[in-house]
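Observations on the model geometry
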Amino acid sequence: MSERIALCPGSFDPVTNGHVGIIRRSLRLFDRVVVAVTVNPSKKSLFTLEERMQFIKESFPNEPRLSVQSLEGLLAIEASKLGAVALVRGLRASRDFEYELQMAHMNRHLTSQLETVFLATEASGSYVSSSLVCEVARLGGDISALVPAHVAKALTARLSGDH
Ligand code: PNS
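Please read all numbers here as calculations on a predicted model, not as lab measurements.

Basis of the calculations
- Residues numbered from 1 in each chain as written.
- Predicted model: local features only at pLDDT ≥ 70, side-chain atom pairs only at ≥ 80, totals over all residues.
- Heavy atoms only, no water.
- Helix = DSSP H or I, 4+ residues; strand = E, 2+ residues; numbered from the N terminus.
- Rg over C-alpha atoms; globule rule 2.2 N^0.38 Å.
- Buried < 20%, exposed > 50% of the residue type's maximum accessible area, 1.4 Å probe, protein only.
- Contact = heavy atoms within 4.5 Å.
- Areas by Shrake-Rupley, 256 points an atom, 1.4 Å probe, with all protein chains shown as cover.
- Arc of directions from axis to C-beta.
- Axes fitted to C-alpha atoms, helices over the stretch in contact; angles between N-to-C directions.
- Parallel < 35°, antiparallel > 145°, perpendicular 65-115°, else oblique.
- Nonpolar A, V, L, I, M, F, W, Y, C, P; charged D, E, K, R; others polar.
- Pairing = 2+ DSSP bridges.
- Right-handed = clockwise from strand over helix to strand, strands pointing away.
- Core = buried A, V, L, I, M, F, W, Y, C linked by side-chain atoms within 4.5 Å.

With that settled, the discussion passes to the overall build of the chain. A count of helices and strands for the chain gives six helices and five strands. Along the chain, helices and strands appear, N-terminal first, in the series β-α-β-α-β-α-β-α-β-α-α. For the chain, whose C-alpha radius of gyration is 16 Å, the value lies close to the compact-globule estimate of 15 Å for 163 residues. Out of the 163 residues belonging to the chain, those deemed buried represent 42%. Considering only contacts in the chain between residues 6 or more positions apart, those separated by 24 or more positions represent 77%. In the structure as shown, the chain presents an accessible area of about 9200 Å², 53% of it carried by carbon and sulfur atoms.

Here it is, written out as structure tokens:
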């Protein structure tokens, strides 16, 4: 049987422990997982595309079934090119649901072969988002339990002098 590939898309600015958990669990469900990091020139990100990709790679140092790539353009087209059978998205709480459902329907409209699989994030990460982590870090709060250690270090370095 051909390998089952899942695509985990996102902006990952930066990757959080919640994202890491979703990617880790996707690796249990699929043969190969491709993390697709969005290139969005109109959205100002704290970290460059290369940095965001590197943070994810560093979070999975010994995982040959995982690859990290950039995503420019339509996710559904990229998923077809890769032969992905599923998109995996984490759901933190009901507030995520409307937006995620709309995207799932749109992606299914574009590529009927593609299923969106929703994984409930760990309860401990239900209140965590990349933007909130950045805000808390910028204001001097402790984010060490919310992101991988190398990301916490990079956040401190990037934001030092900001406040
Ligand atoms: O981590 P995010 O920012 O919530 O991820 C949003 C993402 C990357 C899943 C979404 O913006 C996306 O799919 N972008 C790629 C462009 C695209 O296909 N847009 C139509 C989505 S239905």
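Next comes the rest of the account.
Before going further, it helps to examine helix H6 (residues 149-159). Residues spaced three or four apart along an α-helix point in a common direction, a consequence of the helix completing one turn every 3.6 residues. Taken together, the buried positions of H6 are occupied by Val151, Ala152, Ala154, Leu155 and Leu159. End-on, the buried residues of H6 take up no more than an arc of 165°, which puts them together on one face. Turned more than 90 degrees from where H6 packs its buried face, Ala149, Lys153, Thr156 and Ala157 sit exposed. Close packing links the buried residues of H6 with helix H2 (49-59) and helix H5 (130-138).

In the contact formed by H2 and H6, the axes pass within 10 Å of each other and the chain directions differ by 150°. Looking at the two axes, H2 sits roughly antiparallel to H6. In this structure, H2 uses Glu51, Phe55, Glu58 and Ser59 to contact H6, whose residues at the interface are His150, Val151, Ala154 and Arg158. Its residues placed into classes, the contact of H2 with H6 shows three nonpolar, two polar and three charged.

Moving on, we come to the sheet that holds strand S3 (residues 66-71). Ordered by their spatial adjacency, five strands build an open sheet running S3-S2-S1-S4-S5, and the pairing between neighbours is parallel. Edge positions in the sheet fall to S3 and strand S5 (115-120), since each has one partner strand and no second. Taken pair by pair, the neighbouring strands of this sheet meet at an average axis angle of 30°, ignoring direction. For strand S4 (residues 84-91) and S5, the ladder comprises six bridges, and the chain directions are parallel. Its bridge partner lying in S5, Arg89 is registered against Phe118. Against the sheet, helix H3 (residues 75-82) touches strand S1 (5-10), strand S2 (32-38), S3 and S4, its axis set at about 155° to S1. Across the sheet, helix H4 (residues 94-110) lies against S4 and S5, angled at about 170° from S4, the strand it touches most.

Here S1 pairs with S4 via three bridges, running parallel. Looking at the pairing, Leu7 lines up with Leu87 of S4. For the crossover that starts at S4, traverses H4 and ends in the parallel S5, the hand is right-handed.

Attention now goes to the nonpolar core. Ranked by internal contacts, the top residues of the largest apolar core, which has 35 residues, are Ile23, Val33, Val35 and Leu155. Those elements giving two or more residues to this core turn out to be S1, helix H1 (17-29), S2, H2, S3, S4, H5 and H6. Tallying contributions element by element places H6 first for this core, with five residues. Residue contacts for Val33: discarding those within four places in its chain leaves Ala6, Cys8, Ile23, Ser26, Leu27, Arg65, Leu66 and Ser67. The next biggest cluster of nonpolar side chains, apart from the first, holds ten residues, and it includes Leu75, Ala79, Leu87 and Leu114.

Purely geometric numbers; function is a separate question.
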